[in-house]
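Understanding the architecture of this molecule
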Amino acid sequence: MVLTPIRLVVEFTKMSGAGNDFVVLDNRFYQFSGAELSKIAQQICPRRHGIGADGILALAEAEGGDYRMIYYNADGSEGSMCGNGARCLARYARNTGLNREHVVIETASGAYPADVPGDPTADVCIWFNKPSRWQPDFKLQGVPYEGIAEVQFLWPGTEHLVCFTDSVSSVPVPVLGPVIRSDRALAPDGANVNFVEVAGTAALRVRTYEKGVEAETPACGTGAVAAAATAVWSKRLKADRIAVHMPGGVLHVGMSDEAVYLQGPAVTVYRGSVEIPRAWLAC
């Protein structure tokens, strides 16, 4: 007799934050380990061969906050913070029973307050501490692209480079992004790479190559924060609320002396289930 391999059926929700998309799991129930989530991300995130997503968000129990966000990129690497992901998980948590407008999300890079309106179509806002480790004149070891006027480094929860340019539409992001992302000056962790154009007195155009996804994504929440903060600090903008135009939509970043907020859409695309072979869980 041939035995059929045992498979686990996992319920998931597909969510999007301005086109930055995620597979969301309630890990309070499944209790997947980090190694298992990494394996699952590698298997189901590839487009055309899986569900398709930039990463996996797992809702987990928290020690001090309302819940914890565990995030794995599409390549299986763990992410310390994801701005669009945190907003999507905040909406997911409210939809699944955490019926509070103000919550605190624990992540690998700290705790983040979030405002989640009861209207499921309303924007979600997440609050950051003032970004740190700013290096306004960051030197790449490789040959810089001739269209980049200046490179800056910032940590809004994860590593980011901000590359100012006169025209983001002319930057060959799929070619240049992976080269800069892995520049020797960024070893060993690398960085997300944001190409930023000033588009008005309170607006930016941004395209982002994300490490871990290893591709340009339609939007990047921490990238929007990094772009807005460096634009203000380097005196390219003076606004305290900035519209960040990304290929997938518009995110808004608010600036003050002490904190930064990121506001934008966090929508449910669909719900479904996926069979997870037990072999993926033998990690």
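Scroll up for the structure.
Residues numbered from 1 in each chain as written. Predicted model: local features only at pLDDT ≥ 70, side-chain atom pairs only at ≥ 80, totals over all residues. Heavy atoms only, no water.

1. Examining the overall build of the chain
Rule in force here: Helix and strand labels come from DSSP, where a helix needs a run of H or I of at least four residues and a strand needs a run of E of at least two; each type is numbered from the N terminus. Accessible surface is estimated by sampling points in the Shrake-Rupley manner with a 1.4 Å probe; for residues, cover comes only from the protein chains shown.
A tally of regular secondary structure across the chain gives five helices and 18 strands. When the accessible surface of the chain is summed, it comes to about 12600 Å², and 50% of that surface belongs to carbon and sulfur atoms.

2. Some points on the pattern of salt bridges
The following threshold applies: The working definition used for a salt bridge is a side-chain nitrogen of Lys or Arg within 4 Å of a carboxyl oxygen of Asp or Glu. Buried means the residue's accessible area, taken with a 1.4 Å probe over protein chains only, is under 20% of the maximum for its type, while exposed means over 50%, and partly exposed covers the values in between.
Counted according to the given criterion, the structure contains twelve salt bridges. When the shortest N-O distance is used, the salt bridge between Glu159 and Lys211 registers 2.7 Å. Of the two residues, Glu159 is situated in the loop between strand E10 (148-155) and strand E11 (160-165) and Lys211 in the loop between strand E13 (203-210) and strand E14 (215-217); the sequence distance between them amounts to 52 residues. For Lys211, a relative accessible area of 15% corresponds to the buried category. Arg205 serves as the salt-bridge partner of Glu197, at 3.1 Å between the closest nitrogen and oxygen. With a relative accessible area of 40%, Arg205 lands in the partly exposed category. Overlapping salt bridges, with partners in common, bring together Lys14, Asp21, Arg47 and Asp54 in one network.

3. Structural notes on the environment of Trp280
The criterion, for reference: By definition in these notes, contact holds between two residues if any of their heavy atoms fall within 4.5 Å.
Summarising the element assignment, Trp280 is placed in the segment after strand E18 (267-277). Put simply, Trp280 and Lys39 are 241 residues apart on the chain and 6.3 Å apart in space, counted from C-alpha to C-alpha. Those residues within four positions of Trp280 in sequence are excluded, and the remaining contacts are Lys39, Ile40, Gln43 and Ile44.

4. Concerning the side chain of Arg181
As for its placement among the helices and strands, Arg181 is situated in helix H4 (residues 173-181). Every residue in contact with Arg181, bar those within four places of it in the chain, is listed here: Leu186, Asp189, Gly190, Ala191, Val193, Tyr209, Lys211, Gly212 and Glu214.

5. Section: unusual backbone geometry
Going from Ala187 to Pro188, the amide bond is cis rather than trans, its omega being 5°. You can see Pro188 is positioned in the loop between H4 and strand E12 (192-200). Look at Ala18: it is not a glycine, yet its phi comes out positive at around 60°. One can find Ala18 in the loop between strand E1 (7-17) and strand E2 (20-26). Look at Lys235: it is not a glycine, yet its phi comes out positive at around 65°.

6. So, the state of the cysteines
A covalent bond between the sulfur atoms of two cysteines is what we call a disulfide. Worth spelling out the cut-off: The disulfide criterion is simple: two cysteine sulfur atoms within 2.5 Å.
This structure, assessed with the given rule, holds zero disulfides. Of the cysteine sulfurs around Cys88, a residue in no disulfide, the closest is that of Cys82, at 7.9 Å. By relative accessible area, Cys88 is classed as buried at 0%. Residue Cys220 stays outside any disulfide, its sulfur separated by 6.8 Å from that of Cys82, the closest cysteine.

7. Notes on the packing of aromatic side chains
We describe a pair of aromatic rings using the distance from one ring centre to the other and the angle between the two ring planes. Here is the rule: Ring pairs shown here join Phe, Tyr and Trp side chains whose ring centres sit within 6.5 Å, with only the six-membered ring taken for Trp; geometry is labelled stacked below 30 degrees between planes, edge-to-face above 60, and tilted in between. For a lysine, the NZ atom is tested; for an arginine, the CZ atom; a charge sits over a ring if that atom is within 6 Å of the ring centre and within 35 degrees of the ring normal.
Evaluated as defined, the whole model comprises eight aromatic pairs. Arranged with centres 5.9 Å apart and planes meeting at 80°, the rings of Phe12 and Tyr270 form a pair that is edge-to-face. Of the two residues, Phe12 is situated in strand E1 and Tyr270 in strand E18; the sequence distance between them amounts to 258 residues. Feature note: the residues Phe29, Tyr30 and Phe32 constitute an aromatic cluster, connected by ring pairs. The ring of Phe164 carries Arg236 above its face, with NZ or CZ at 3.8 Å from the centroid.

8. Observations concerning a nonpolar patch on the surface
Selection rule: Patches were defined on residues exceeding 30% relative accessible area and lacking a salt bridge, with like-charge contacts within 9 Å and nonpolar side-chain contacts (Val, Leu, Ile, Met, Phe, Trp, Tyr) within 5 Å.
A cluster of nonpolar residues, Val267, Val269 and Tyr270, forms a patch on the protein surface that exposes about 240 Å² of accessible area. Using a relative accessible area of 35% as the deciding quantity, one classes Tyr270 as partly exposed.

9. Some details on helix H3 (residues 83-95)
Rule in force here: One fewer than the residue count of a helix, multiplied by 1.5 Å, yields its expected span.
Given a rise of 1.5 Å per residue, 13 residues ought to cover 18 Å, and the 19 Å separating the end C-alpha atoms of H3 matches this to within 8%. Counted residue by residue, H3 has twelve buried out of 13 residues, so it is predominantly covered. Of all the positions in H3, only Gly83, Asn84, Gly85, Ala86, Arg87, Cys88, Leu89, Ala90, Arg91, Tyr92, Ala93 and Arg94 are classed as buried. One or two steps after H3, the chain reaches Gly97, where phi turns positive at roughly 125°.

10. Notes on the nonpolar core
Note the threshold: Here, nonpolar core means buried Ala, Val, Leu, Ile, Met, Phe, Trp, Tyr and Cys residues that are tied together by side-chain atoms lying within 4.5 Å of each other.
Tyr67, Ile105, Leu204, Ile242 and Val253 are the most contacted members of the largest nonpolar core, which has 53 residues in total. Broken down by element, the residue count for this core peaks at eight residues, all from helix H5 (residues 221-233). Not counting the four nearest positions on each side in its chain, Ile105 is found in contact with Tyr67, Met69, Ala86, Ala90, Gly110, Ala111, Tyr112, Ala114 and Ile126. Core analysis: the second largest hydrophobic core is formed by 22 residues, Tyr30, Ile44, Val274 and Trp280 among them.

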